[in-house]
Amino acid sequence: MGMTENLPLPDEAGQESLAGRRLLLPAGVLDAHGRVHREVRVRELTGADEEALFERATASGARRVNTFLARAIESVPGLEDTPIDEAFAAGLQLGDRDYLLLRLRQMDLGDAVHQVVRCPACGAKVDVDLLISELPVRRLEQPRASYEAQLGGSTLRLRLPDGEDQAAVEDLAMANPAAANTRLFARLVQDIDGRGAPTESEVRAWPAALRAQLSAWLAAHLSGPDLFLDLGCPHCKAAMSYAFDLNAFFLPSG
Ligand SMILES: [Zn+2]
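The rules behind each value
Residues numbered from 1 in each chain as written. Predicted model: local features only at pLDDT ≥ 70, side-chain atom pairs only at ≥ 80, totals over all residues. Axes fitted to C-alpha atoms, helices over the stretch in contact; angles between N-to-C directions. Helix = DSSP H or I, 4+ residues; strand = E, 2+ residues; numbered from the N terminus. Parallel < 35°, antiparallel > 145°, perpendicular 65-115°, else oblique. Contact = placed C-beta atoms within 7 Å. Nonpolar A, V, L, I, M, F, W, Y, C, P; charged D, E, K, R; others polar. Buried ≥ 20, exposed ≤ 12 C-beta atoms within 10 Å, placed from the backbone. Pairing = 2+ DSSP bridges.

K.L.:
Help me get a handle on the packing of helix α2 (residues 61-72) against helix α5 (residues 163-175), residues and values and all.
P.N.:
Here α2 crosses α5 at 150°, and the two axes come no closer than 8 Å. Taken together, the axes of α2 and α5 lie roughly antiparallel to each other. Each of Gly61, Ala62, Arg63, Val65 and Asn66 in α2 lies in contact with α5, whose residues at this interface are Gly163, Gln166, Ala167 and Glu170. Classifying every residue of the contact of α2 with α5 by side-chain character gives 3 nonpolar, 4 polar and 2 charged.

And the structure:
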């Protein structure tokens, strides 16, 4: 488990520095010896980086983020022998990927974000204005390659999701979120009750209670920025829970 803080502009004298383009990942990268590397050096973004993020014709959202992050990350101190390429970006935990996107936006295009979303109750367009520095972030104290969890009377060994998992389920998540969960759980669970990793059809046959407990476990253990915002519709006053759209926010106009 980790601790939650906001995503404020860091104390520039500390290890994380926006001016120095040094960032500290909320989870970090585990090397072959089990050491955690959290510091990442990032380049200043160019128009070519923006174009990589918006290349909708050729790549899914997760793959565009891989390309973008492989360009933006200059180095990871302590991992000089590891190539910083799309596979490296895909292996970062989801929260670290979101964190890098938010910090790069904050550093090069400013803290204030404006988005327009549609109210699900009345259909009106709602302006959302927020500061990236106000988003809460959860940092992992000690990331691990795998975790053990007692859920629904079973003992599970599992890992946390990365960019590869995101790419594997994102199309399905639009069409059928439960089917996306089935695929995600089959990827993440490495063992259940000593029987090894479950297949997708085994996960599909699990009791709904076990699946719900696994979802809750993941929500409690994921690190990174919290992208869920609670707002009220100014037109009809309905409560709107809104997931901040990282894919759409990079342009200054939102
Ligand atoms: Zn409304």
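Back to the write-up after that little detour.
K.L.:
Go over the environment of Glu164 with me, naming the residues and quoting the values.
P.N.:
When you line up the elements, Glu164 lands in helix α5. When the 15 C-beta atoms within 10 Å are taken as the criterion, Glu164 is described as partly exposed. Distance from Glu164 to Gln93, taken between C-alpha atoms, is 9.2 Å for residues 71 residues apart in sequence.

K.L.:
Give me the lowdown on the pairing of strand β12 (residues 228-232), citing residues and values where you can.
P.N.:
Where burial is concerned, little of β12 is hidden: 0 out of the 5 residues are buried. Connecting β12 to the antiparallel partner strand β13 (residues 239-243) that follows it, the hairpin turn spans 6 residues, and Lys237 within it adopts a positive phi of roughly 70°.

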